[in-house]
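Spelled out, the chains give:
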Amino acid sequence: MSAEKGQAAPSVGKLIYREDLTPDLAILRVQPTDESFVPEFKAGQFVTLGLNIDGKMTYRAYSISSPPEERRWFELYIKWATEPVIGKFTTALFHLKIGDSIYWRKPAGVFTMEDKKADGTADDRNLVLVASGTGLAPFVSYALHLKAIGSKRKIAILHGARNAKELGYRELFESMARDNCNLAYLPTVSRPDDLQSLGWQGHTGRVESLLQSIDGSPSALEKILNDKLGTRNSFFHVCGYQGTIDSVVSVLQPLGFVTNRNKRKDGSFDIKIETYG
Ligand SMILES: Cc1cc2nc3c(=O)[nH]c(=O)nc-3n(C[C@H](O)[C@H](O)[C@H](O)COP(=O)(O)OP(=O)(O)OC[C@H]3O[C@@H](n4cnc5c(N)ncnc54)[C@H](O)[C@@H]3O)c2cc1C
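These figures come from a predicted structure and were not determined experimentally.

1. Focus: the domain arrangement of the protein
Phase 1 of the analysis: Domain annotation of the protein identifies domain 1 (11-108) and domain 2 (126-275).
Phase 2 of the analysis: Here domain 1 and domain 2 have C-alpha centroids that lie 25 Å from each other.
Phase 3 of the analysis: Counting from both sides, the interface comprises 17 residues of domain 1 and, opposite them, 14 residues of domain 2.
Phase 4 of the analysis: At the level of elements, strand E1 (11-22), strand E2 (25-32) and strand E5 (74-79) are the ones that each hand at least two residues to the side of domain 1 that touches domain 2.
Phase 5 of the analysis: It is E5 that provides the largest number of residues to the side of domain 1 that touches domain 2, a total of 4 residues.

2. Here we look at the nonpolar core
Phase 1 of the analysis: In terms of nonpolar packing, the biggest core is built from 65 residues, with Leu-129, Ile-157 and Leu-158 touching the most fellow members.
Phase 2 of the analysis: Here this core takes 7 residues from helix H2 (residues 137-148), the largest share from any one element.
Phase 3 of the analysis: Apart from the residues lying within four places of it in its own chain, the contact partners of Leu-129 are Phe-139, Tyr-142, Ile-155, Ala-156, Ile-157, Leu-158 and His-237.

3. Details of the pairing of E2
Two faces make up the sheet, and in a regular strand the side chains alternate between them.
Phase 1 of the analysis: For E2, the buried fraction is high: 6 of the 8 residues fall into the buried class.
Phase 2 of the analysis: Here 8 bridges tie E1 to E2, and the two strands are oriented antiparallel to one another. When the sheet's bridge partners are listed, Asp-20 is paired in E2 with Ala-26.
Phase 3 of the analysis: Connecting the antiparallel pair E1 and E2 is a turn made up of 2 residues.
Phase 4 of the analysis: The sheet contact formed by E2 and E5 spans 6 bridges and is antiparallel. When the bridges of E5 are listed, Val-30 appears paired with Phe-74.

4. Remarks on the site of the ligand
Phase 1 of the analysis: The ligand sits among 22 residues. The nearest are Gly-87, Lys-88, Phe-89, Thr-90 and Thr-134.
Phase 2 of the analysis: With 4 residues, the single largest contributor to the shell around the ligand is strand E4 (residues 56-63).
Phase 3 of the analysis: Classifying every residue of the shell around the ligand by side-chain character gives 11 nonpolar, 6 polar and 5 charged.
Phase 4 of the analysis: Split by domain, the shell around the ligand shows at least three residues from each of two domains, domain 1 (11-108) and domain 2 (126-275).

5. Some words on unusual backbone geometry
Phase 1 of the analysis: Omega for the bond connecting Glu-83 with Pro-84 falls within 30 degrees of zero, at -5 degrees, which places this linkage in the cis form.
Phase 2 of the analysis: Inspection of the secondary structure puts Pro-84 in the loop between E5 and helix H1 (88-94).
Phase 3 of the analysis: In the Ramachandran plot, Asp-54 falls in the positive-phi region, its phi being about 50 degrees despite a non-glycine side chain.
Phase 4 of the analysis: With a phi close to 60 degrees, Asn-226 is a non-glycine residue in the positive phi region.
Phase 5 of the analysis: Tracing the chain through its elements places Asn-226 in the loop between helix H4 (220-225) and strand E11 (234-240).

Calculation notes
- Residues numbered from 1 in each chain as written.
- Predicted model: local features only at pLDDT ≥ 70, side-chain atom pairs only at ≥ 80, totals over all residues.
- Domains from an automatic or database assignment.
- Contact = placed C-beta atoms within 7 Å.
- Helix = DSSP H or I, 4+ residues; strand = E, 2+ residues; numbered from the N terminus.
- Core = buried A, V, L, I, M, F, W, Y, C linked by C-beta atoms within 7 Å.
- Buried ≥ 20, exposed ≤ 12 C-beta atoms within 10 Å, placed from the backbone.
- Pairing = 2+ DSSP bridges.
- Near = placed C-beta within 6 Å.
- Nonpolar A, V, L, I, M, F, W, Y, C, P; charged D, E, K, R; others polar.

Structure representation (structure tokens):
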């Protein structure tokens, strides 16, 4: 197989695990075929997967949800793209069986955690991680990494999904929140009447609604932070589809937050963004 122009040949791996949360949402693990360790990476980076589809190597980027401390495999949280038309790569991926080959390129990306401010001082603001759908993947890696290194930084994980079944990693975060008073988990579903949300008693609406204060009363996030939201106490990471990112930024901008795409003159920013497409 020839590598893409200017790129090293991809490594060969195999699918070793899949947990289908719904017919079009899965947690997958990919291990190097020779069972060697995966390369070192930082929490928040992505791996590029490759499949031979109709005789042509096709690649797509996927955030790694496992932490850097887990070197046996890459764990990934992937949605089968079905709308408006069937996605090319995910259709092939969702037809793979355990043991099937899958290619991968070494992890890359800059959607990693900021532990210093632009002036070089430690950033100990609350880490607010906002995700829609599979945009949660890098935050799973962040949370497990912070736990592994014994960090005391306060984290709030806000996850929006269409229905309760699509709240991947819910049990993990519920259990982490029970064990660690520095971690808060705020899931919300936008379709509470869906059959797949049966029994759901948590927040409803899109994930940005967790940031909105209505009629001057504190937002869901402010309630758990026990403080008024501001750049002084919170640093945001937002991941997922463009619509979610735009909505979250439009709630935060009037409060003085600026993104890494539009930094202040001194290089500082309070929102880091990763778009999936
Ligand atoms: C840094 C990064 C990290 C990512 N991490 C993740 C992750 O962790 N999990 C995850 O699920 N995804 C992730 N993605 C998205 C992923 O890379 C793919 O884009 C996604 O899986 C869809 O790939 P696909 O080949 O199945 O769809 P594609 O065939 O590439 O189609 C993409 C979208 O366009 C639509 N489309 C295709 N053709 C047409 C057409 N002719 N007209 C109109 N619409 C069309 C499809 O319906 C689909 O919605 C990430 C992307 C980036 C850039």
